[in-house]
Amino acid sequence: MGAFFDDATTPYRLGLAGMVAGRSDIAWRDRGFLELTDRKKGVALVSGGGSGHEPLHAGFLGEGMLGAVCPGHIFTSPNARQVLEATRAVDDGSGVVHVVKNYTGDVMNFGVAAALAAEEGIRVETVLVGDDVATDLGDGNGDGGGNGDGDGVAGGSGGPGRRGTGATILVEKACGAAAARGAELGVVADVGRNVARRARSIAMSLGGARTPGSAESFSLADDEAEFGVGIHGERGVDRRKRMSVEDAVAEMIDEVHGAAGSPDRVLVLANGLGGIAGLELEAILALACGELESRGARIERTMCGNYITAWDMAGFSLTVLGVDDDLLDLLDAPTSAPAWDAPAPYSGVPEISDGALDDLPAADSGPAQPELSAWVERVLAASDELTELDRKAGDGDFGVNMREALAPFDLPLRGTVGAVLHALGESYLVRAGGTSGAVFGLFFATMGATAGDAESLSDVDLAAVARAGLDAVVELGGAQVGDGTVVDAIEPAVLALEDGGTLADAAHHAATGAEATADRVAGKGRASYVGDAAKGVADPGALVMARFFEALAG
Ligand code: ADP
Ligand code: MG
């Protein structure tokens, strides 16, 4: 299940109510549209379409963009009456531009409304947006100028033509800026048609949309991807074995840049379809920029975000728009529409490297440290199990943090005891993340600083060294025995050593302490957030510390 509501109507009504509640500059009109209140005079823009693509369209209501928006039900076009009422409401005699995505229902309803409005003497121009190359069944000659039908969307062979997708907001922005500058109706519409002609898009996803009350619109196996999906959960044109995202983006950019007429100055838009993480989308933008540059295009602006979604589809679309100075000027103009992000000037995709990794101490020369090496080997071998424990009681990154810190070392670890402990600590602090990065890092770094330059563990005062490590960890995190952390294993071991016990005694106490963490709800660390769910699950950090003292004992 991908939705909290189990029918489609409630989230439609409540969602519109929420949009109005969240803004002071728009209102719901009972005749079926959202309107920007206190709009400045001039040519007005009306758009709309099925709901479920938020923030499209309501998020683009604003000065310098849309004056009214007609929302249909989820993935359903609005009706002609809604559009006519909105058109009447916004017209102040300057005329109205309808921005219409090329879907049969939208085209018909906007068309009927435009005709009815014309009968009342309202001047209406329609800008049809059809940028989705996946639905281009026409000559596909990549002239970037459509097929000469004036709308630039015709698909040839009498089909419905290219669907309108990502380019819609670019059309709305350019038209809105032109209107805000006082351009007259025909000029505003031509600005929009120009953008529609010069923009092409394509989308890809790893699954369908899960709208309330419906099954997923289509589903894919783990190793499949769908190319050319639409924004209504439609199947794509091409189901494939999953390829690398690098290859997919290369192919997509190749297609859309070519279909847009291979412009040499471009805006590129990476748009999330609703179910893709922000960081992945940024990564896709970086790849797209690289591809465009390798095609010799100059990237003038980038945009990245969820603008035209397909409910919760796990996918993205890429749009390439050929630009010139005039068009950039319109796209850069301010707007009060909350969902519009100013396109960012492009300054290249930098190489992201982690410089701190370069000067980490190695542990690859000097006497071998077999006990510490055995511990590293054991933790690495158990990293999946440790992650599983952390998944049950925490967030499931523990094993990854261990691997990040320990896997880079060549075994056996070599160097004085102090140097090897220090190297382990530094590696945790720099390479690992999370609480364990800090806790283990400080523990080992402190022990390293205390251990001196003995060549063998047997020459080290382990009670004092482990005590120093323990005190540092307690000072850092404030955990007491019983809180279900590393302290539950370390402290009993340190006390045993300070009591004159052997390393075997220490190891035994550490293991007992670690196992006991399964019996109580953790009091510190992330396991404390999940309450009873942590019961019966041993703390992975404590287990790793128990393994540490066991390894020292040999
Ligand atoms: P995160 O909790 O950030 O996901 P990890 O999963 O990498 O970090 O590390 C969790 C481990 O950190 C736990 O197993 C626990 O032993 C240890 N830990 C958590 N909180 C503390 C604390 N306050 N003091 C000492 N160790 C702690
Ligand atoms: Mg964790």
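Residues numbered from 1 in each chain as written. Chains lettered and ligands numbered in written order. Predicted model: local features only at pLDDT ≥ 70, side-chain atom pairs only at ≥ 80, totals over all residues. Heavy atoms only, no water.

### What to know about the overall build of the protein chain
Secondary structure assignment for the protein chain yields 17 helices and 13 strands. Its C-alpha atoms give the protein chain a radius of gyration of 31 Å, more than 25% over the compact-globule value 24 Å for 554 residues. In the protein chain, which comprises 554 residues, the share counted as buried stands at 52%. A sequence separation of at least 24 residues applies to 73% of the contacts in the protein chain between residues at least 6 apart. Surface exposure of the protein chain reaches about 22,600 Å², of which carbon and sulfur atoms provide 50%. Looking at the protein chain, you have 41 positive and 83 negative side-chain charges, and the mean spots of the two groups are 9 Å apart. (Helix = DSSP H or I, 4+ residues; strand = E, 2+ residues; numbered from the N terminus. Rg over C-alpha atoms; globule rule 2.2 N^0.38 Å. Buried < 20%, exposed > 50% of the residue type's maximum accessible area, 1.4 Å probe, protein only. Contact = heavy atoms within 4.5 Å. Areas by Shrake-Rupley, 256 points an atom, 1.4 Å probe, with all protein chains shown as cover. Lys, Arg positive; Asp, Glu negative; His and termini not counted. Charge placed at Lys NZ, Arg CZ, Asp CG, Glu CD.)

### A short note on the side chain of E224
Positionally, E224 belongs in strand β8 (residues 224-227). The buried charged residue E224 lacks any salt bridge partner; its closest oppositely charged side chain belongs to R239, at an N-O distance of 4.2 Å. Discounting residues that sit within four places of it in the chain, E224 has contacts with L206, R239, R240 and R242. (Salt bridge = Lys/Arg side-chain N within 4 Å of Asp/Glu carboxyl O.)

### A short note on the site of ligand 1
Within the structure, ligand 1 sits among 20 residues, and D395, N401, T435, S436 and D539 are positioned closest to it. Residue G477 places a main-chain N or O atom 3.2 Å away from a nitrogen atom belonging to ligand 1. Put simply, the parts of the chain that give the shell around ligand 1 at least two residues each are α11 (398-406), α13 (434-451), α14 (462-477) and α17 (540-553). Residue contributions to the shell around ligand 1 peak at four residues, all from α13. Class assignment for the residues of the shell around ligand 1 results in six nonpolar, eight polar and six charged. (Near = heavy atom within 4 Å. Polar contact = N/O pair within 3.5 Å; in protein donor to acceptor, adjacent residues only side chain to side chain. Nonpolar A, V, L, I, M, F, W, Y, C, P; charged D, E, K, R; others polar.)

### Side note on the sheet that holds strand β9 (residues 238-241)
Strand order in the open sheet formed by seven strands is β9-β8-β7-β12-β10-β11-β13, and the pairing between neighbours is mixed. Bordering the open sheet on either side are β9 and β13 (344-345), each of which pairs with just one other strand. The sheet strands contacting helix α5 (residues 185-198) are β7 (199-205) and β12 (315-322), and the helix crosses β7 at an angle near 50°. (Pairing = 2+ DSSP bridges. Axes fitted to C-alpha atoms, helices over the stretch in contact; angles between N-to-C directions.)

### Some details on the sheet that holds strand β4 (residues 68-74)
One open sheet accounts for six strands, arranged β1-β2-β4-β3-β5-β6; its pairing is mixed. Of all the strands in the sheet, the pair left with one neighbour each is β1 (26-29) and β6 (124-129). Each adjacent strand pair in this sheet contributes to an overall mean axis angle of 25°, direction not counted. On top of the sheet, helix α4 (residues 167-180) reaches β3 (44-51), β5 (96-101) and β6; it is set at about 160° to β3, its chief contact.

### Comments concerning the packing of α11 against α13
It is the contact of α11 with α13, at a shortest axis distance of 8 Å, that shows an interaxial angle of 45°. Looking at the two axes, α11 sits oblique to α13. You can see that α11 and α13 cross each other, and the crossing is right-handed. Only G434, S436 and F440 of α13 make contact with α11, whose side of the interface consists of F398, N401 and M402. Residues of the contact of α11 with α13, tallied by class, amount to three nonpolar, three polar and no charged. (Parallel < 35°, antiparallel > 145°, perpendicular 65-115°, else oblique. Left-handed = near helix turned anticlockwise from the far one by under 90°.)

### A closer look at the packing of aromatic side chains
Within this structure, the stated rule accounts for nine aromatic pairs. Measuring from ring centre to ring centre gives 6.1 Å for F398 and F440, while their planes differ by 70°; the resulting arrangement is edge-to-face. Taken together, the residues F398 in helix α11 and F440 in helix α13 connect sequence positions 42 residues apart. The exposure class assigned to F440 is buried, which follows from its relative accessible area of 1%. Ring geometry for Y428 and F440: centres 5.2 Å apart, planes at 40°, overall tilted. Here the residue Y428 occupies a position in helix α12 (residues 417-431), and F440 occupies one in helix α13, the gap between them amounting to twelve residues. The two residues Y428 and F440 agree in class, both being buried. Three or more aromatic residues joined by ring pairs make a cluster, and in this case those are W375, F398, Y428, F440, F443, F444, F548 and F549. Positioned over the ring face of F227 is R240, at 3.9 Å from the centre of the ring. (Phe/Tyr/Trp six-rings, centres within 6.5 Å; stacked < 30°, edge-to-face > 60°. Lys NZ or Arg CZ within 6 Å of the ring centre and 35° of its normal.)

### Some words on the confidence of the model for the protein chain
Of all residues in the protein chain, 94% have pLDDT values of 70 or greater, and the mean over the chain is 93. Every residue in residues 139-150 scores below 50 in pLDDT, and together they form 20 contacts with partners more than four places removed in sequence or on other chains. (pLDDT = per-residue confidence, 0-100.)

### Quick notes on the pairing of β4
Taken across its seven residues, β4 has six buried, putting it largely inside the fold. Here strand β2 (residues 33-36) pairs with β4 via two bridges, running antiparallel. For E35, the partnering residue across the bridge sits in β4 and is A68. In terms of strand pairing, β3 meets β4 through six bridges, oriented parallel.

### Here's the deal with the packing of α4 against α5
Remark: α4 packs on α5, axes separated minimally by 8 Å, with the N-to-C direction vectors making an angle of 155°. Taken together, the axis directions place α4 and α5 in an arrangement best described as roughly antiparallel. Crossing hand, α4 versus α5: right-handed. Of the residues in α5, those touching α4 at L170, V171, A174, C175, A178 and A179 are V188, V191, G192, V195 and A196. The class makeup of the residues in the contact of α4 with α5 is ten nonpolar, one polar and no charged.

### Topic: the coordination of the magnesium ion (ligand 2)
Only D390 (OD), D395 (OD) and D397 (OD) from the protein coordinate the magnesium ion (ligand 2), and they sit 2.0 to 2.2 Å from it. Sequence spacing of the donors to the magnesium ion (ligand 2): D-x4-D-x1-D. For D395, a relative accessible area of 35% corresponds to the partly exposed category. For D397, a relative accessible area of 26% puts it in the partly exposed group. (Donors = N, O, S within 2.8 Å, 3.2 Å for Na, K, Ca; no water.)

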